[in-house]
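Reading the structure
The primary structure of each chain is shown beneath.
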Amino acid sequence: MLPKLFRSRHKIVCQQAVELVTDYLEGRLSRAGRRRFEAHLAGCPHCTEYLAQMRATIELTGTLTADDLPGPVQDEFIDLYRRWRADAGDGPG
Amino acid sequence: MDQDPDADLLGRLRAGDEQAFVILVRRHHAAMLRLACGYVPSVAVAEEVVQDTWLGVLRGLGGFEGRSSFRTWLLRILVNRARTTGARERRSVPVGDPEPAVDPSRFDGTGHWAAPPERWVEEADRRLDAAKLAGRLRSAIDDLPDRQREVVTLRDIEGLSSEEVCSVLEISEGNQRVLLHRGRSRLRQALETEFGGA
């Protein structure tokens, strides 16, 4: 829990701002909350950098591509499909 | 769903097109395997869960009405089977203990940065070896607690919406957001540790 000192309705400090980043990026802050968050960023280069790093992290994670399916594994699925077709009789209608 | 990217293939699959099945498997396999691995003790068991899921999909094709996307339906079947198969039952603690986004020792007594974030974003763009970056990020994702890894993987790698993730993992929107926040925060820290201060 954050100390009482931090629970101001008007201003947030860095330690609170970093906890609001995801809510901010997800569009889940209230209008007032969003204003407070952005007002803090406007005066805080470190938290501005922090937000940029979170955005960069998300972007970099998005560039990780799914591993390709190895050929033998693919063959197993073709077998699975053919077994199912055989079991299902004349297959899907 | 009008915009389900799998709709065409699903239609072909229903018409008995084996190639459509292979394309669907290829498209979804990695996500399914990663997700299953969060519930079962080994990759081999996860692979069985994935195969079992596809069999369930084939058998249940007639019952799929398209109220969710095919992917959401598919991953829900997967998670249900993985949970049944997995020895671990983790649903009772979906979020876990509180966990700050940034080590509290990096703030002073008033909550302002004492040790501000070291810069690395420009460095990552300009000079860093993309393969090295991807490798570090992958291992950081592997190190995340299971629930965080599932949410981050589905949202940020597989590109599911928050609604889809909630539906697949059967968690509330609030819990989804907490897990996403913690997971992304840990990944940011891992990248700062690796590449900061350059």
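Residues numbered from 1 in each chain as written. Chains lettered and ligands numbered in written order. Predicted model: local features only at pLDDT ≥ 70, side-chain atom pairs only at ≥ 80, totals over all residues.

Concerning the overall build of chain A
Selection criterion: A run of H or I in DSSP counts as a helix once it spans at least four residues, and a run of E counts as a strand once it spans at least two, with each numbered from the N terminus. Our exposure labels follow a C-beta count within 10 Å of each residue's own C-beta, placed from the backbone: buried means 20 or more other C-beta atoms, exposed means 12 or fewer, and partly exposed covers the counts in between.
Across its full length, chain A holds 4 helices and 0 strands. Ordered by position from N to C terminus, the α and β elements of chain A give α-α-α-α. The buried share of chain A, taken over its 93 residues, is 23%.

Digging into the overall build of chain B
Using the following cut-off: A pair of residues counts as a contact when their C-beta atoms, built from backbone coordinates, are within 7 Å of each other.
Assigned secondary structure in chain B consists of 9 helices and 0 strands. With the principal axes as the frame, chain B shows a C-alpha extent of 65 × 40 × 35 Å. Classification of the 198 residues of chain B by burial places 39% in the buried group. Across chain B, the fraction of contacts at a sequence separation of at least 24, relative to all contacts at a separation of at least 6, is 68%.

Notes on the interface of chain B and chain A
So the rule is basically this: Residue polarity follows a fixed list, in which Ala, Val, Leu, Ile, Met, Phe, Trp, Tyr, Cys and Pro are nonpolar, Asp, Glu, Lys and Arg are charged, and the others, Gly among them, are polar.
At the junction of the two partners, chain B supplies 44 residues and chain A supplies 35 residues. Sorting the residues of the side of chain B that touches chain A by element identifies α2 (18-37), α3 (43-60), α5 (121-126), α6 (130-143), α7 (146-157) and α9 (173-195) of chain B as the ones contributing at least two each. Of the residues that constitute the side of chain B that touches chain A, the class distribution is 26 nonpolar, 8 polar and 10 charged.

Let's talk about helix α8 (residues 162-169) of chain B
Residue and element names in this part refer to chain B. Applied cut-off: The reported arc concerns the directions from the helix axis to the C-beta atoms and nothing else.
Those residues of α8 lying buried are E164, V165, V168 and L169. Angular distribution of buried residues about the axis of α8 spans 115 degrees; they occupy a single face of the element. In this structure, the buried side of α8 is in contact with α4 (70-85), α7 and α9.

Observations regarding the domain arrangement of chain B
All names here are of chain B. Selection rule: As annotated, the domain borders come from an automatic or database domain assignment.
Under the domain assignment, chain B is made up of domain 1 (7-85) and domain 2 (104-195). Taken together, the 10 residues of domain 1 in the interface contact 9 residues of domain 2. Going through the elements one at a time, α2 and α4 are the ones with two or more residues in the side of domain 1 that touches domain 2. When its residues are assigned to classes, the side of domain 1 that touches domain 2 shows 4 nonpolar, 4 polar and 2 charged.

Quick word on unusual backbone geometry
Note on backbone geometry: most residues besides glycine have negative phi, and most peptide bonds are trans. Residues and elements named next belong to chain B. A positive phi is found at E170, a non-glycine position, where the angle reads about 55 degrees. Relative to the assigned elements, E170 resides in the loop between α8 and α9. Residue classification places E170 among the exposed positions, given that 12 C-beta atoms sit within 10 Å.

A short note on the packing of α6(B) against α9(B)
Residue and element names in this part refer to chain B. Heads up, the rule is: The axes are straight lines fitted to the C-alpha atoms, using for helices just the contacting stretch, and the angles between their N-to-C directions are given from 0 to 180°. Relative orientations are named as follows: roughly parallel for angles under 35 degrees, roughly antiparallel for angles over 145 degrees, roughly perpendicular for angles from 65 to 115 degrees, and oblique for any other angle. What makes a crossing left-handed is the near helix being turned counterclockwise from the far one by less than a right angle; a clockwise turn instead makes it right-handed.
Close contact between α6 and α9 brings their axes to 10 Å; oriented N to C, the two are set at 140 degrees. Considering the angle they form, α6 stands oblique to α9. By crossing handedness, the relation of α6 to α9 is classed as right-handed. Counted together, R136, L137, A140 and I141 of α6 and R186, L187, A190, L191 and E194 of α9 form the full contact between these two elements. A per-class count over the contact of α6 with α9 returns 6 nonpolar, no polar and 3 charged.

A closer look at the packing of α7(B) against α9(B)
Residue and element names in this part refer to chain B. Relative orientation of the contacting elements α7 and α9 amounts to 90 degrees, with a least axis distance of 8 Å. Considered as vectors, α7 and α9 are oriented roughly perpendicular to each other. Of the residues in α9, those in contact with R147, Q148, R149, V151, V152 and R155 of α7 are Q176, L179, L180, R182, G183 and R184. Residues belonging to the contact of α7 with α9 are distributed by class as follows: 4 nonpolar, 3 polar and 5 charged.

Re the environment of L58(B)
Looking at where L58(B) falls in the secondary structure, it is placed in helix α3. L58(B) sits 52 residues away from T110(B) along the chain, and the two C-alpha atoms are 58 Å apart.

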